[in-house]
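Below, each chain spelled out in residue letters.
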Amino acid sequence: MRILLTGTSGQLGHALLPHLSRLPATAIIHAPQRAELDLSNAAQLRLCITDFKPDLIINPAAYTAVDLAENEADKAHAINVTAPAIMAEEARKLGAGLIHYSTDYVYAGDKADAAGNWQAYAETDATGPLNVYGKTKLAGEQAIIASGCQHLILRTSWVYSNFGKNFFLTMLKLARERDQLRVVNDQWGTPNSADWLAAATCEILAQLQRSKDAVSWWQQFGGVYHLSATGATNWFEFAAAIIELADQQNKLGKAAPQISGIPASEYPVPARRPHNSLLSTEKLQAAFGLSIPDWRSTLDACMQSVQAPASAPLHSTTQAQGQAK
Ligand SMILES: NC(=O)c1ccc[n+]([C@@H]2O[C@H](COP(=O)([O-])OP(=O)(O)OC[C@H]3O[C@@H](n4cnc5c(N)ncnc54)[C@H](OP(=O)(O)O)[C@@H]3O)[C@@H](O)[C@H]2O)c1
């Protein structure tokens, strides 16, 4: 199987590379860096695909700067809409498959029962993105679906890793530097480790590889899915869990900071964010029978990979909000 993989300098792309190379039937993985393949260059992207002739394109690359996107809508559109549309069109011409990642931010984040308790979104629920990033991710999904190519669109949330830019590493850094932290406590969701997302993607791919007829497999299983760990938390609780684990495993190099929760209204940012990012994975489990971990167990695995700091740094106060994308 010839696989074109984008975004390997990002959290998920970086995590996918080692998992993909362990797949039994992976023949060749082509993972061009941005210098070789700029996704905002449509001609370059088409040429890359027509030259390499993949059986499968995996696209974790995205414009993920949620706040910057409010002022860079064209740039976000080029990478989150035009590029996946081209991938889908070229994949359809080649008879290739496309695995594309999307986000909880396609929803408005207000799904609740009559008592006001947040309810997890199903793939069939109405979308209603609140910000430019979410709108471009939704439009990217729609372009893929409209192309008629064989596709899996995997919506996930709150991605973190011991690599790249994410809430996990930001909290770890702040906890090593400061004595007090204030973190948003009224936005709910499920953290997802990039490593688990990559492993789950490869489990699905292994099922595709084992199938006798790839075209029938795509017909049966293609579509939009939520790919997420189980459990519900908020940014404050997630930060507290990160700090507690880091402290237990001596990864802070100092005493743990005090942490308190604040409403999102006390931490204004340019892009509106959903209050409820919970994603139901019933459809994913029914289709692929994956065993879905609780978010805390994948957090523990990620913390195990963190090195203890060399020295103990500065103390001060700050507040922080989730960096969901
Ligand atoms: N992070 C989250 O919390 C989150 C939540 C829900 C869904 N998602 C979705 O999950 C997927 C993976 O996210 P992630 O957190 O792994 O993203 P990430 O760490 O921000 O990585 C994004 C990747 O896209 C690449 N990229 C951006 N613009 C490019 C361009 N013009 N040409 C080539 N490459 C370009 C980046 O390359 P450079 O390093 O060169 O910039 C990087 O490799 C995305 O589809 C995202 O929308 C993420």
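Residues numbered from 1 in each chain as written. Predicted model: local features only at pLDDT ≥ 70, side-chain atom pairs only at ≥ 80, totals over all residues. Heavy atoms only, no water.

> Any details on the environment of G289? Residues and values, ideally.
Mapped onto the elements, G289 comes out in the loop between α9 (282–288) and α10 (295–304). For G289 and E203, which are 86 residues apart along the polypeptide, the C-alpha to C-alpha distance reads 9.8 Å. (Helix = DSSP H or I, 4+ residues; strand = E, 2+ residues; numbered from the N terminus.)

> Mind laying out unusual backbone geometry, listing which residues take part and the relevant values?
For W158, which is not a glycine, the phi torsion comes out positive at approximately 45°. Structurally, W158 can be placed in the loop between β5 (150–156) and β6 (159–160). For W158, a relative accessible area of 3% gives the class buried. Of note, N250 is a non-glycine position whose phi angle comes to about 55°, a positive value. The residue N250 is located in the loop between α8 (235–248) and β12 (258–262) in this model. (Buried < 20%, exposed > 50% of the residue type's maximum accessible area, 1.4 Å probe, protein only.)

> Residues and numbers for the packing of helix α6 (residues 194–210) against helix α7 (residues 214–221), please.
Helices that pack against each other are described as a pair by the angle of their axes relative to one another and the distance between those axes. In contact at an axis separation of 8 Å, α6 and α7 are set at 135° when each is read in the N-to-C sense. When the axis of α6 is compared with that of α7, the two are oblique. In this structure, α6 uses I204, Q207 and L208 to contact α7, whose residues at the interface are A214, W217 and W218. Residue classes in the contact of α6 with α7 are distributed as five nonpolar, one polar and no charged. (Axes fitted to C-alpha atoms, helices over the stretch in contact; angles between N-to-C directions. Parallel < 35°, antiparallel > 145°, perpendicular 65-115°, else oblique. Contact = heavy atoms within 4.5 Å. Nonpolar A, V, L, I, M, F, W, Y, C, P; charged D, E, K, R; others polar.)

> Can you tell me about the environment of H151, naming the residues and giving the values?
In this structure, H151 sits in strand β5. For H151, a relative accessible area of 13% gives the class buried. Spatially, the C-alpha atom of H151 lies 22 Å from that of D38, the residues being 113 residues apart in sequence. A polar side-chain atom of H151 sits 3.0 Å from the main-chain carbonyl oxygen of C149. (Polar contact = N/O pair within 3.5 Å; in protein donor to acceptor, adjacent residues only side chain to side chain.)

> Outline the packing of aromatic side chains, supporting the account with residue identities and numerical values.
Counted according to the given criterion, the structure contains 14 aromatic pairs. Members of the aromatic cluster, each reached through a chain of ring pairs, are W158, Y160, F167, F168, W235, F238 and W295. Above the plane of the ring of F52 lies R2, whose end atom (NZ or CZ) is 4.3 Å from the centre. Here the guanidinium or amino end of K283 rests over the ring plane of Y225, the centre of that ring lying 4.5 Å away. (Phe/Tyr/Trp six-rings, centres within 6.5 Å; stacked < 30°, edge-to-face > 60°. Lys NZ or Arg CZ within 6 Å of the ring centre and 35° of its normal.)

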